[in-house]
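Descriptive analysis of the structure
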Number of protein chains: 6
Amino acid sequence: MPKTALVISAHAADFVWRCGGAIALHQKRGYEVTVVCLSFGERGESAKLWKQQGMTLEKVKTARRKEAEAAAKALDVHDIQFFDLGDYPLVMDQEAKFRLVDVIRAVQPAFMLSHSSYDPYNTDHMYATQVALECRMVAQAWGHNPGQKVLGAPQLYLFEPHQTEQMGWKPDVFLDISEVWDKKRAAIECMEGQQHLWHYYTNVAENRGNHFQRNSGGQSGGRPAIHAEGFQSVFPRTVDEL
Amino acid sequence: MPKTALVISAHAADFVWRCGGAIALHQKRGYEVTVVCLSFGERGESAKLWKQQGMTLEKVKTARRKEAEAAAKALDVHDIQFFDLGDYPLVMDQEAKFRLVDVIRAVQPAFMLSHSSYDPYNTDHMYATQVALECRMVAQAWGHNPGQKVLGAPQLYLFEPHQTEQMGWKPDVFLDISEVWDKKRAAIECMEGQQHLWHYYTNVAENRGNHFQRNSGGQSGGRPAIHAEGFQSVFPRTVDEL
Amino acid sequence: MPKTALVISAHAADFVWRCGGAIALHQKRGYEVTVVCLSFGERGESAKLWKQQGMTLEKVKTARRKEAEAAAKALDVHDIQFFDLGDYPLVMDQEAKFRLVDVIRAVQPAFMLSHSSYDPYNTDHMYATQVALECRMVAQAWGHNPGQKVLGAPQLYLFEPHQTEQMGWKPDVFLDISEVWDKKRAAIECMEGQQHLWHYYTNVAENRGNHFQRNSGGQSGGRPAIHAEGFQSVFPRTVDEL
Amino acid sequence: MPKTALVISAHAADFVWRCGGAIALHQKRGYEVTVVCLSFGERGESAKLWKQQGMTLEKVKTARRKEAEAAAKALDVHDIQFFDLGDYPLVMDQEAKFRLVDVIRAVQPAFMLSHSSYDPYNTDHMYATQVALECRMVAQAWGHNPGQKVLGAPQLYLFEPHQTEQMGWKPDVFLDISEVWDKKRAAIECMEGQQHLWHYYTNVAENRGNHFQRNSGGQSGGRPAIHAEGFQSVFPRTVDEL
Amino acid sequence: MPKTALVISAHAADFVWRCGGAIALHQKRGYEVTVVCLSFGERGESAKLWKQQGMTLEKVKTARRKEAEAAAKALDVHDIQFFDLGDYPLVMDQEAKFRLVDVIRAVQPAFMLSHSSYDPYNTDHMYATQVALECRMVAQAWGHNPGQKVLGAPQLYLFEPHQTEQMGWKPDVFLDISEVWDKKRAAIECMEGQQHLWHYYTNVAENRGNHFQRNSGGQSGGRPAIHAEGFQSVFPRTVDEL
Amino acid sequence: MPKTALVISAHAADFVWRCGGAIALHQKRGYEVTVVCLSFGERGESAKLWKQQGMTLEKVKTARRKEAEAAAKALDVHDIQFFDLGDYPLVMDQEAKFRLVDVIRAVQPAFMLSHSSYDPYNTDHMYATQVALECRMVAQAWGHNPGQKVLGAPQLYLFEPHQTEQMGWKPDVFLDISEVWDKKRAAIECMEGQQHLWHYYTNVAENRGNHFQRNSGGQSGGRPAIHAEGFQSVFPRTVDEL
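Quick notes on the rules
Residues numbered from 1 in each chain as written. Chains lettered and ligands numbered in written order. Predicted model: local features only at pLDDT ≥ 70, side-chain atom pairs only at ≥ 80, totals over all residues. Heavy atoms only, no water. Contact = heavy atoms within 4.5 Å. Buried area = accessible area lost by both parts, 1.4 Å probe. Salt bridge = Lys/Arg side-chain N within 4 Å of Asp/Glu carboxyl O. Polar contact = N/O pair within 3.5 Å; in protein donor to acceptor, adjacent residues only side chain to side chain. Helix = DSSP H or I, 4+ residues; strand = E, 2+ residues; numbered from the N terminus. Nonpolar A, V, L, I, M, F, W, Y, C, P; charged D, E, K, R; others polar. Phe/Tyr/Trp six-rings, centres within 6.5 Å; stacked < 30°, edge-to-face > 60°. Buried < 20%, exposed > 50% of the residue type's maximum accessible area, 1.4 Å probe, protein only. Lys NZ or Arg CZ within 6 Å of the ring centre and 35° of its normal. Lys, Arg positive; Asp, Glu negative; His and termini not counted. pLDDT = per-residue confidence, 0-100. Pairing = 2+ DSSP bridges. Axes fitted to C-alpha atoms, helices over the stretch in contact; angles between N-to-C directions. Least-squares fit on C-alpha atoms with pLDDT ≥ 70 in both. Right-handed = clockwise from strand over helix to strand, strands pointing away. Core = buried A, V, L, I, M, F, W, Y, C linked by side-chain atoms within 4.5 Å. Expected span 1.5 Å × (residues − 1). Arc of directions from axis to C-beta.

Brief notes about the interface of chain A and chain B
Often, the extent of an interface is quoted as the loss of accessible area on bringing the components together. Tallying the contact residues gives 39 residues for chain A and 39 residues for chain B. For the pair chain A and chain B, the summed buried surface comes to about 3300 Å²; carbon and sulfur atoms form 52% of the total. A per-residue breakdown of the area chain A buries against chain B is headed by R237, D240 and L242 of chain A, which together make up 25% of the total. Across the chain A-chain B interface, the total number found is two salt bridges. Linking D240 of chain B and R223 of chain A is a salt bridge whose minimum nitrogen-to-oxygen distance equals 2.9 Å. At the junction of chain A and chain B, the tally comes to 16 residue pairs in polar contact (both at pLDDT 80 or more). Those elements that place two or more of their residues in the side of chain A that touches chain B are α1 (14-28), β4 (111-114), β6 (173-176), α7 (196-215) and β8 (237-239) of chain A.

A few points about the interface of chain D and chain E
Facing 26 residues of chain D, the contacting portion of chain E comprises 26 residues. Broken down residue by residue, the surface that chain D buries against chain E is led by E165, N207 and R214 of chain D, which jointly contribute 25%. Applying the counting rule to chain D against chain E returns two salt bridges. For R208 of chain D, the salt bridge is made with E165 of chain E, and the minimal N-O distance between the two is 2.6 Å. Along the contact surface separating chain D from chain E lie 22 residue pairs in polar contact (both at pLDDT 80 or more). Split into classes, the residues belonging to the side of chain D that touches chain E amount to eight nonpolar, 13 polar and five charged.

Brief notes about the packing of aromatic side chains
For the structure shown, the criterion picks out 42 aromatic pairs over all chains. Ring centres of Y31 of chain B and F111 of chain B lie 5.8 Å apart, and the angle between their planes is 55°; on these two criteria the pair is classed as tilted. In this pair, Y31 of chain B is assigned in the loop between α1 (14-28) and β2 (32-37) and F111 of chain B in strand β4 (residues 111-114), connecting sequence segments 80 residues apart. Taking the relative accessible area as the measure of exposure, Y31 of chain B reaches 5% and is therefore buried. Ring plane angle 20° and centroid distance 5.3 Å describe the contact between F40 of chain B and F82 of chain B, whose orientation is recorded as stacked. Pair noted here: F40 of chain B is in the loop between β2 and α2 (47-50) and F82 of chain B is in strand β3 (residues 79-82), with a separation of 42 residues, a long-range link. Both residues of the pair, F40 of chain B and F82 of chain B, belong to the buried class. Counting every residue linked through ring pairs, the aromatic cluster contains Y31, F111, Y157 and F231 of chain A. R136 of chain C extends its terminal NZ or CZ atom over the ring of F235 of chain C, reaching a point 3.8 Å from the ring centre.

Focus on unusual backbone geometry
Trans peptide bonds make up the majority, and among non-glycine residues the majority have a negative phi. At the junction of Y88 of chain C and P89 of chain C, the peptide bond is cis and its omega measures out at 5° in the coordinates. Here P89 of chain C shows up in the loop between β3 (79-82) and α4 (94-107). Unusually for a residue other than glycine, Q163 of chain B sits at a positive phi of about 60°.

With respect to the side chain of E67 of chain D
Residues and elements named next belong to chain D. Turning to its location among the elements, E67 is positioned in helix α3 (residues 57-74). Here E67 occupies a buried position and makes no salt bridge, while the nearest side chain of opposite charge, R64, is found at 4.1 Å. Residues contacting E67, with those up to four places away along its chain left out, are C190, M191, E192 and G193.

Remarks on the confidence of the model for chain A
For any part of a model where pLDDT is low, the fine detail of the predicted coordinates should not be relied upon. For chain A, per-residue confidence averages 96 on the pLDDT scale, and 98% of positions sit at 70 or higher. Scoring of the predicted complex yields 0.97 for pTM and 0.96 for ipTM.

Some remarks on the sheet that holds β4 of chain A
Strand pairs in the sheet, formed through backbone hydrogen bonds, run parallel or antiparallel to each other. Strands sit in the order β3(A)-β2(A)-β1(A)-β4(A)-β5(A)-β7(A)-β6(A)-β8(B) across an open sheet of eight strands; the sheet is mixed. Each edge of the sheet is formed by a strand with only one pairing partner; in this case those strands are β3 (79-82) of chain A together with β8 (237-239) of chain B. Put simply, the sheet's adjacent strands are angled 25° from each other on average, direction ignored. Here strand β5 (residues 155-159) of chain A pairs with strand β7 (residues 228-233) of chain A via three bridges, running antiparallel. Paired with Y157 of chain A across the two strands is S233 of chain A, which belongs to β7 of chain A. Lying over the sheet, α1 of chain A contacts β1 (4-9), β2 (32-37), β3, β4, β5, β6 and β7 of chain A, oriented at roughly 100° with respect to β7 of chain A. Here helix α5 (residues 123-139) of chain A sits on the sheet and contacts β1, β4 and β5 of chain A; the angle it forms with β4 of chain A, its principal contact strand, is near 155°.

Things to note about the relation of the copies chain D and chain E
Of the transformation placing chain D onto chain E, the axial shift is 0.0 Å and the rotation is 180°, giving an RMSD of 0.0 Å. Those values place the two copies in the arrangement expected of a two-fold rotation axis. Closest approach to the rotation axis among the C-alpha atoms of chain D is made by N203 of chain D, whose C-alpha sits 2.7 Å away. Residue by residue, 100% of the interface of chain D is reproduced at the interface of chain E, so both copies engage with the same surface.

Thoughts on the pattern of salt bridges
In total, this model carries 88 salt bridges over all chains according to the counting rule given. Here R43 of chain A and D87 of chain A are joined by a salt bridge, their closest N and O atoms 3.9 Å apart. Here D87 of chain A lies in the loop between β3 and α4 (94-107) and R43 of chain A lies in the loop between β2 and α2 (47-50), a separation of 44 residues in the sequence. For the residue pair R43 of chain A and D87 of chain A, the accessibility class agrees, reading buried in each case. A salt bridge links R208 of chain D to E160 of chain D; the shortest N-O distance between them is 2.9 Å.

Notes on the relation of the copies chain A and chain B
Between chain A and chain B, the superposition needs a rotation of 180° and an axial shift of 0.0 Å, giving an RMSD of 0.0 Å. When you check the interface residues of chain A against chain B, 100% turn up at the interface there too, and the contact is symmetric in its surfaces.

Examining the pairing of strand β4 (residues 111-114) of chain D
The side chains of a regular strand alternate between both faces of the sheet. All names here are of chain D. Side chains F111 and L113 project from β4 onto one buried face, and the interleaved M112 and S114 project onto a second face that is buried too. Here β4 runs beside strand β5 (residues 155-159); their pairing, made up of four bridges, is parallel. Its bridge partner lying in β5, M112 is registered against L156. Note that the unit made of β4, helix α5 (residues 123-139) and β5 has a crossover that is right-handed.

Some details on the arrangement of the chains
Chain B shows no contact with chain D. Their nearest C-alpha atoms sit 18 Å apart. Between chain A and chain E there is no contact, and the shortest C-alpha to C-alpha separation is 18 Å.

Things to note about the nonpolar core
The biggest cluster of nonpolar side chains holds 101 residues, and the ones touching the most others in it are L100 of chain B, L100 of chain E together with L100 of chain F. If we ignore the near neighbours within four places in the chain, the residues touching L100 of chain E are I8, V36, F83, M92, V131 and C135 of chain E. Among the nonpolar cores identified, the runner-up in size contains 100 residues, and Y88, V107 and Y121 of chain A together with V234 of chain C belong to it.

Some remarks on the sheet that holds strand β8 (residues 237-239) of chain D
Strand order in this open sheet of eight strands is β8(D)-β6(F)-β7(F)-β5(F)-β4(F)-β1(F)-β2(F)-β3(F), and the pairing throughout is mixed. The sheet is open, and its two edges are formed by β8 of chain D together with β3 (79-82) of chain F, each paired on a single side. For this sheet the average axis-to-axis angle between neighbouring strands, irrespective of direction, equals 25°. Two strands pair when backbone bridges link them, and strand β2 (residues 32-37) of chain F and β3 of chain F are joined in this way by four bridges, in the parallel orientation. Opposite C37 of chain F, over in β3 of chain F, you have F82 of chain F as the bridge partner.

Description of helix α3 (residues 57-74) of chain B
What sets the pattern is the α-helix's 3.6 residues per turn: residues three or four places apart point alike. Residue and element names in this part refer to chain B. Taking 1.5 Å per residue as the helical rise, α3 with its 18 residues ought to reach 26 Å, and the 26 Å between its terminal C-alpha atoms agrees with that figure. Within α3, burial applies to V60, K61, R64, E67, A68, A71 and A72. For α3, the arc enclosing every buried residue in end-on projection is 135°, short of the 170-degree limit, so these residues lie on one face. Residues of α3 that are exposed and point more than 90 degrees away from the buried face comprise E58, K66 and K73.

If you want it as structure tokens, here you go:
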């Protein structure tokens, strides 16, 4: 059985900027990575599309879906699911939450990925994380759909938000994504509506590479990484060696 | 070359209660673990001895040293060094700091262990951590004793203080020490002057075992650990897989 | 008129582990302590029952209720009420909240007890605390059911969560429960489905006893307590002497 | 086009105590300030009225509205709107939120003002701030009511809560309101039901004046301010000179 | 034996503004309160004196001492000691610290009072608190001047700084000082060099009285206090009843 | 009289990476900016030089000084002073502190710039900030060198550290440095020993430009900035308009 991972993305493009490298890398390592896009970001993150004449909500959603699918393909995503729950604001009722629980249980992820715990610019982001924790808990409950395989205790990694310091986000792990950077850059370039962010997130990946090296051995010559991604862990790790 | 680790202990007994399991386990895994006791805890942590008639500072230090050496032996410590700098308060001048830098460079630890960053009950503890960070930095400097091998960027783990919540200490890693618990208990029993803590730290180890299991798989049946120790990391990790 | 206290417990067993000693002690001191169990913990905290053949939600709830009633009896609880609102997730609509307000007003507690403010493992817990604060506020409103006696400003104590450091919970008061420990242990033993926690929470009580002594006089011989419980206050105290 | 500002006040009187000076001052500077009262505070903040014989919810709301309108007039408020959503607890459904978005877009404020992020005494307050952030985000979305003018990125200032330290509120800007203090005091005196707070908030304004002076030049003779108000910024500023 | 308390004041006037009420009240309750002024605040808190012609350091110190002694008398202070260690910056060597330890041991205080833990405006203040914690620890050590009576574990209360929110100071206890307000005001008026603060700290006392009432029973009619002081506890309390 | 600013830099190169843009911009705006380098970073931040044969401390200091002077020239620095106090660790005795106080008083800065408050990688950095606060306080004291002009209450901005999230640094102001970027880049290129950081800090400046735009008007088209720098304020601002 291959290992699995699950990404919970508030809007269609979030998984690309924030953990595209982790997705491509773990796919390469043999994981099966599932991405759930709770919304398309159709209202709040598609300004460029809305500036076109004759635009409708359906057209925006279609365009965003196509971009996300192309990016997912570039990253070798195992499965991408669009919940189409609406954005700005994203709202999940019990049914939507249980649908997410179903996915969590079906995937049985070794680890999960979602947004930062706080984001005053984008309340959808922190709401997604809150729901991720709630659904992780429900997925662990023996009394929820008894007979299904319950969830263990996977780590929840919070991926990098925009303007990290404003979100109180502090990475405690850096992942070397140098070997899959080309895939992440290709996925980024699928996001035609947000071209102003291509260069930005390339800079981020390069500077996180610097942080990787700083922490893997410091000034005396740590192992280099050309590109990296940072993550914040919600739960403690359990190990047999420090 | 065997891997190495370095413990910086403000007083003679701290390394036993707080990371005795980590020491014994890593020795078993082939590490060489060095322990530096900055003081004997002769003034502040030897109440039982001082209540005896005719006690002197030298007698207390000798007694504390013997206990610490016996505990170190029980834990298979590779090397234990007593800096004998005095306690309550512990004060380190430049010379003492550079002596610690020398040890850090000689050991070239894969990781370091010291106290929590805050401790209003015991300012020696937080002072030791502050000095550990300062000396780690000096050991990385190419211009300090040029020609010596400079330090890389080892993790600094903060071991468990007494009354964790008052110290703002939050463990992010639990280490399974079940297989060396007997050694840790034996080391604990060397601390004759602090017998009231034997049971206390046995409880801690058992309850940290419970936390290990909670986080290694949760209610659905995580891997059990009978005894564990918790640590807080100061620096982020660098990994090739989440 | 006897003094009163009110415990708001997300699931049927929480009040036992987390404040069973406080309940029994205050009953002994002449208080009337009411416990509200918002749910039975039937879905999320009854793994052992669900592993039995032919189990149903109703059977689990019945079993959990019986356990909770037995524990309440062991603790001399004045009144225990089961709101049966469902768990994992616990959700309270306006009606359920106003029902809780009714209880708060009827009891007129000198102090209230509930969960920690944060709990990423169990979102029901932090939700219960959030609702406790909201309902405390409504109970203070002169315009809510005008004519009823409004609530004063009772302290809200947050009782000890599992894995305190992960919840950001910091106790600022330790209560000596030595004289009622037998009752608490008896109540704990009513929780047949969670036998793995009996020893754990006995350890907790013993180690909190150590903390009590540390803070009641320290190394020079503070007043001992064999067993204690810790609590975090939400609101400041008002006193006539420090 | 005059500059504009928007105040989001959970209850009818909050804008008076907490930012009455800012309102009057900016009106004097040529701004048009709109105040939205989400509720009248009719249930929770009208104790004095409810103690009168024969009081009804409608009578309280009418009285509170009259007070708020009089205060608004004293402060030269450009526009005051009463959403009448109910209080203790304040609850806003999607429709109410979108109504607030409509106001935000119509006003196009240069800055917004609302409550502290945390308030365990009054959950309506922190709920209002949470909704303010959510609605600010929706107002920025090109796909929300396409064709309308979207919102830029106005600062959200959190005005001073009662018992600041308990709310974790920390002012990072002090506004000199000396020249409009008479207006603020007049507005305060419109709040007949809360006479016990007149003196309290006069003290606050005087002491914030002291803080203004402390930070505008310190002990060596900073510019004095007789009365001031403090605010906490949610977002960073963008400047051309420090 | 009367109960005792100990105030550690960085500069000569701090004890008046920040805990003058607590001093007078506890004296009235039968405590013997000792005040240690580590410096006279002669360089940094005597601007008015320095603006006079022909002023010298000795003259300033003499004037400040007289003011402090007069204030101490107004508050019925049992004993006031001037360490005359210099200010701006305050620096304490080992000898000065041990002198403070001697006082702590001689007094054997039931509780201690000092400054906030953080103060970016006045580093002497936070330094005094750091030293207070260090000396409290040394005073507890059986090996420090063996034979002397060691210290127990008294609470350390942090009294109210100027601009509380900037210092991260959060009061968890309010003390009703109404019955000794006249004494505190008289002591305040001894501070001729800082007349601009008389009104300020009267406002503070009144508003803390409001907070007292809010927390002693809230809107429904808590016990009033005309004047109060707030304190933050460093250590948890130990109790027999919540 | 021109306005002035003061930069306190722990090591010779810090002012370039962290606030080179602010320096050049304010010089252009007519300010006179003074830079104090407390050390040359000769031991800890000159790895490349130390790897050369026959290197000595004096040679390193000379080389670092030349680089810093060249960078200062590129930025149009008004005055650069080298205190030559040594690094790794940086230690300042009373004499060195008072020398810094002299500079502060001579410059009478409208604002000051220094390091982040916390830096576990580089304790020199946080030490410099601690000393900056202490010396700012001393410079305000009328009794320190009576007769000199005392300092007002200038803002202390903390400039951007490496790995911002690990330092707990949160910018609250972004400065548009686009018009002086060429000067900053030229200054950066003077740092021959740290070429690996040229690209890194160019990325930083570009991404801070993105943050500037995000906060100056958001997605709906805020004012662009090609390059920016971020700063964290220690003290609140005082304003006449929000």
